[in-house]
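Letter by letter, the chains look like this.
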Amino acid sequence: MMLKVSRQQSVTLKIILSAIMPLVLMAAIYGVVLYQQQLDNALSRQQQASESFKSRIESDLESLGSRLLNSHNRLSTLLSQSNDDSRQQLNLSLQSLLYSEAAFVQAMIISSGGEVLAGVKRKQSKSTALTRAEVQVLLGLVSAADKAETPAVQLSPALSNVSTQGAATPGEGFTFAMISAGHSPLAARLVLAVDVATLWLGDQTLVSPVDGLTGQDYLLDSQARLVAPVPGSAYQVGDVLTHLTAASSVLADKQWSLEKTYTGVAGESVYACRTQIPALGWTLISEVPADRVLQQVWPPLALLFLFSTLALILIVIFILRLMDSFLRPFASARVAIEQISKGDYELSLKSVGIYEIDAMTANILHMASERKAAEQALRESQQDLLVTLHSIGDAVIT
């Protein structure tokens, strides 16, 4: 009997596996597809945020370039006046320009022949004259802009007279300089040194909200050096970021894998995207902690797992009830046959509404009634035979 029960359980298990395996396989395949889709969506939003920040940088550069040219036009009028009062006005105008934007840290104007006409720098709440070393640094950038075959920045046709040069050594007080280009028809050239940390990074950090995600962005110059401080990192301004696979992978035109994680600038696993900023010749790296990205990915997968598990439970319960209702009549028939073999003809078989099973039940009941009748006839025949034998015996004795 135990062997038969185990066979029934084996049949039930096979039926359950046959029913749920396609569902499990489909749920697994859909889960993989859903995971990839959710991850792609999250990383796409991150890349869109980087592109948005790039657009902001380019827009700010155009705005600063326009301000540079407008100031240059005003200063050119003062330069045309060769007297002490105009020279004083020139310095005052430079100071006013310097404090018109918090990111401006140095301003200098030079003649077409390379003579420094005026130069000021921001120092706490006041401005002071540029030192000889600071002047030489800015003149070096002007010379580099003149030697460049193409301007380092192409903002817009209206600003074709403005070029941008990154600081030779990041962290020397400014990040890049905006210069009225050498082919400008103006008599002198205006140079503005700009600090990125003040212009775009705010409170020494640059964060990009991406649909609930907070990523950290940082800028690298053309030599893959950090151009502004990154809070929570051991890197200093001017350092080459060694946590990246190699500087060439950042600068070269190689495919950047959005789906690959690595240890980021803050020492945690991150997803990252790379955005080139041609206006500065720089690279923007946007990093979002992997756990924050996966927090956006897991909820749909958890919901899929919940519904799939519920569906599997319902299917198993349905199959167990179905198999129970299907096998119960056969179990009852087996018990009835055992009763008949023991001479017990009081059977409790009932119709279940399935023709084949009901026919088998009727045959068993008919067999039981026939056997009962046969046994009854046999007992009656045996009784008659005994009576006859006793009668014969009595007659012989008499």
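The structure presented is a predicted model; accordingly, all values stated were derived computationally and were not measured.

Draft legend 1. Region of interest: the overall build of the protein. When helices and strands are counted, the protein shows seven helices and 11 strands. For the protein, long-range pairs separated by at least 24 residues make up 57% of all intrachain contacts whose partners lie at least 6 apart in sequence. Looking at the protein as shown, the accessible area adds up to about 22600 Å², and 57% of this sits on carbon and sulfur atoms.

Draft legend 2. Looking closely at the pattern of salt bridges. According to the stated counting rule, one finds five salt bridges in the structure shown. A salt bridge links R225 to D221, with the nearest nitrogen and oxygen atoms 2.8 Å apart. Between R371 and E375 there is a salt bridge, with the nearest N and O atoms lying 3.3 Å from each other. Linking R371 with E375, this pair stays in helix α7 (residues 355-397), spanning four residues, or about one helical turn. Classification of R371 as partly exposed rests on a relative accessible area of 38%. Judged by its relative accessible area of 23%, E375 falls in the partly exposed class.

Draft legend 3. Just the confidence of the model for the protein, in detail. For the protein, the average pLDDT comes to 76, and 81% of its residues sit at 70 or higher. Under a pLDDT of 50 for its full length, residues 203-208 has, in the predicted model, 17 contacts with residues more than four places off or in other chains.

Draft legend 4. Local environment of the nonpolar core. Core analysis: the largest hydrophobic core is formed by 37 residues, its most contacted members being I109, F176, W200 and L219. Within the residue set of this core, elements represented by two or more residues are α1 (2-79), α2 (84-98), β1 (104-111), β2 (116-123), β5 (176-180), β6 (188-194), α4 (196-199) and β11 (282-289). Per element, the largest residue contribution to this core is eight residues, and it comes from α1.

Draft legend 5. Geometry of a nonpolar patch on the surface. A cluster of nonpolar side chains, namely L303, L306, F307, L310 and L314, defines an oily patch on the protein surface of about 530 Å² accessible area. Secondary-structure assignment places L314 in helix α6 (residues 290-341).

Draft legend 6. Main features of the side chain of D221. With respect to the secondary-structure elements, D221 resides in the loop between β8 (213-220) and α5 (247-251). Looking at D221, its side chain comes within polar contact range of the side chain of R225, at 2.8 Å.

Draft legend 7. Representation of helix α3 (residues 132-147) within the structure. With 16 residues, α3 should cover 22 Å at 1.5 Å per step; its first-to-last C-alpha distance of 22 Å lies within 8% of that length. Along α3, the residues classified as buried are E134, V135, L138, L141, V142 and A145. Projected onto a plane normal to the axis of α3, the buried residues spread over an arc of 125° and lie on a single side. Exposed and facing more than 90 degrees away from the buried side of α3 are R132, A133 and K147.

Draft legend 8. Quick peek at α6. Look at α6: 72 Å from first C-alpha to last across 52 residues, which is about the 76 Å you get at 1.5 Å a residue. The first or second residue beyond α6 is G343, which carries a positive phi of 85°.

Draft legend 9. Broad picture of the packing of aromatic side chains. With the rule as written, the count across this model stands at two aromatic pairs. Here the aromatic rings of F176 and W282 are separated by 5.7 Å at their centres, their planes lie at 80°, and the arrangement is edge-to-face. Here W282 lies in strand β11 and F176 lies in strand β5, a separation of 106 residues in the sequence. For the pair F176 and W282, a shared accessibility class is recorded, and that class is buried.

Draft legend 10. Highlighting the pairing of β1. Extensive coverage of β1 is indicated by the burial of eight of its eight residues. Across seven bridges, β1 lies against β6 in antiparallel orientation. Across the sheet, the residue bridging to M108 is V191, located in β6. Counting the residues between successive antiparallel strands, the hairpin from β1 to β2 contains four residues, one of them, G114, with a positive phi of roughly 95°.

Rules behind the numbers
- Residues numbered from 1 in each chain as written.
- Predicted model: local features only at pLDDT ≥ 70, side-chain atom pairs only at ≥ 80, totals over all residues.
- Heavy atoms only, no water.
- Helix = DSSP H or I, 4+ residues; strand = E, 2+ residues; numbered from the N terminus.
- Contact = heavy atoms within 4.5 Å.
- Areas by Shrake-Rupley, 256 points an atom, 1.4 Å probe, with all protein chains shown as cover.
- Salt bridge = Lys/Arg side-chain N within 4 Å of Asp/Glu carboxyl O.
- Buried < 20%, exposed > 50% of the residue type's maximum accessible area, 1.4 Å probe, protein only.
- pLDDT = per-residue confidence, 0-100.
- Core = buried A, V, L, I, M, F, W, Y, C linked by side-chain atoms within 4.5 Å.
- Patch = residues over 30% accessible without salt bridge, like charges linked within 9 Å, V, L, I, M, F, W, Y side chains within 5 Å.
- Polar contact = N/O pair within 3.5 Å; in protein donor to acceptor, adjacent residues only side chain to side chain.
- Expected span 1.5 Å × (residues − 1).
- Arc of directions from axis to C-beta.
- Phe/Tyr/Trp six-rings, centres within 6.5 Å; stacked < 30°, edge-to-face > 60°.
- Pairing = 2+ DSSP bridges.

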